[in-house]
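Residue strings, one per chain:
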Amino acid sequence: MPQYIRSFTVLFGRPPYHSEKRQHVTSQRPPRTDCHAAVDTLFGSFNLSRTQYYKAFLRAHARVVPSVEHALEKGGIGRLLPDWPERRRTHLLAADIQELDDRLPVLLPQLALRCEAAVWGAAYVLEGSKLDGALLAKAVPDHLPSSYLSPQGPKGAMRLFMDRLDASKVDDPGAAVAAARGVFDLFLKAGQVELEAVP
């Protein structure tokens, strides 16, 4: 494993791509960093079985995901991941919010991803969040839309992502880690804002 990947995955954990089934995700996940744990704890406090909390959860993600996806596209993610269009989730998020007759929120400021390492770092967080989403989707009642949490992406998408990350020639783990922390921070800010606004 390249030093770049080793440094990065030691800090943030290697996603359990060798088994993407929901029941195996938590048992295979390595220890989380402080920022990852803080985000998981915060969003774990949203009761997704209640419509108002589920709307707030989606709005929080809608403050971050479109912004990060746009930053990734500006940074050249399409060159690094040819199947990027199939991985995007902004449209799924917007569709769920609209089906709930809710509003799309104001986006948080876009990250500046100035190098390939930063692009990989930000993408790593978004891709890993899909595994968390698969677990959270089980708490959403069947009558509520959940296409964002249950996206039908390419088969073996996480394995392919990690294989491409392993094969990358990036040698700046610091930039990757900083970008990943930046994305976690955005999720944390968005989650706090939306959770506080729930009646």
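Residues numbered from 1 in each chain as written. Predicted model: local features only at pLDDT ≥ 70, side-chain atom pairs only at ≥ 80, totals over all residues. Heavy atoms only, no water.

(A) Structural context of the pattern of salt bridges. Tallied over the entire structure, the rule returns nine salt bridges. For the salt bridge of Arg-88 with Glu-73, the shortest nitrogen-to-oxygen distance reads 2.5 Å. One end of the pair, Arg-88, is in the loop between α6 (84-87) and α7 (90-99); the other, Glu-73, is in helix α4 (residues 51-75), and 15 residues separate them in sequence. Here Arg-88 falls in the partly exposed class, since its relative accessible area comes to 26%. A residue is classified by how much of its surface remains accessible, and Glu-73, at 33% relative accessible area, is partly exposed. Across the pair Glu-127 and Arg-87 runs a salt bridge, and its minimum N-O distance is 2.6 Å. Highlighted residues: Glu-127 in helix α8 (residues 116-136) and Arg-87 in helix α6, separated in sequence by 40 residues. Both residues of the pair, Glu-127 and Arg-87, count as buried. Look at the salt bridges and you will find they share partners, linking Arg-59, Arg-63, Asp-102 and Glu-194 into a network. (Salt bridge = Lys/Arg side-chain N within 4 Å of Asp/Glu carboxyl O. Helix = DSSP H or I, 4+ residues; strand = E, 2+ residues; numbered from the N terminus. Buried < 20%, exposed > 50% of the residue type's maximum accessible area, 1.4 Å probe, protein only.)

(B) Up close: the packing of aromatic side chains. Following the criterion strictly, the structure yields six aromatic pairs and no others. With 6.3 Å between their ring centres and 80° between their planes, Phe-43 and Phe-187 make a pair best called edge-to-face. Taken together, the positions of Phe-43 in helix α3 (residues 34-44) and Phe-187 in helix α10 (residues 173-197) put the pair 144 residues apart, joining distant regions of the chain. The class for Phe-43 is buried, based on a relative accessible area of 6%. With relative accessibility at 3%, the residue Phe-187 sits in the buried group. Centre to centre, the rings of Trp-120 and Phe-161 are 5.5 Å apart; their planes meet at 65°, and the pair counts as edge-to-face. Here the residue Trp-120 occupies a position in helix α8, and Phe-161 occupies one in helix α9 (residues 157-167), the gap between them amounting to 41 residues. On the accessibility criterion, Phe-161 (0% relative accessible area) is buried. Each residue in the set Phe-43, Phe-46, Phe-57 and Phe-187 is aromatic and connected to the rest through ring pairs, giving one cluster. (Phe/Tyr/Trp six-rings, centres within 6.5 Å; stacked < 30°, edge-to-face > 60°.)

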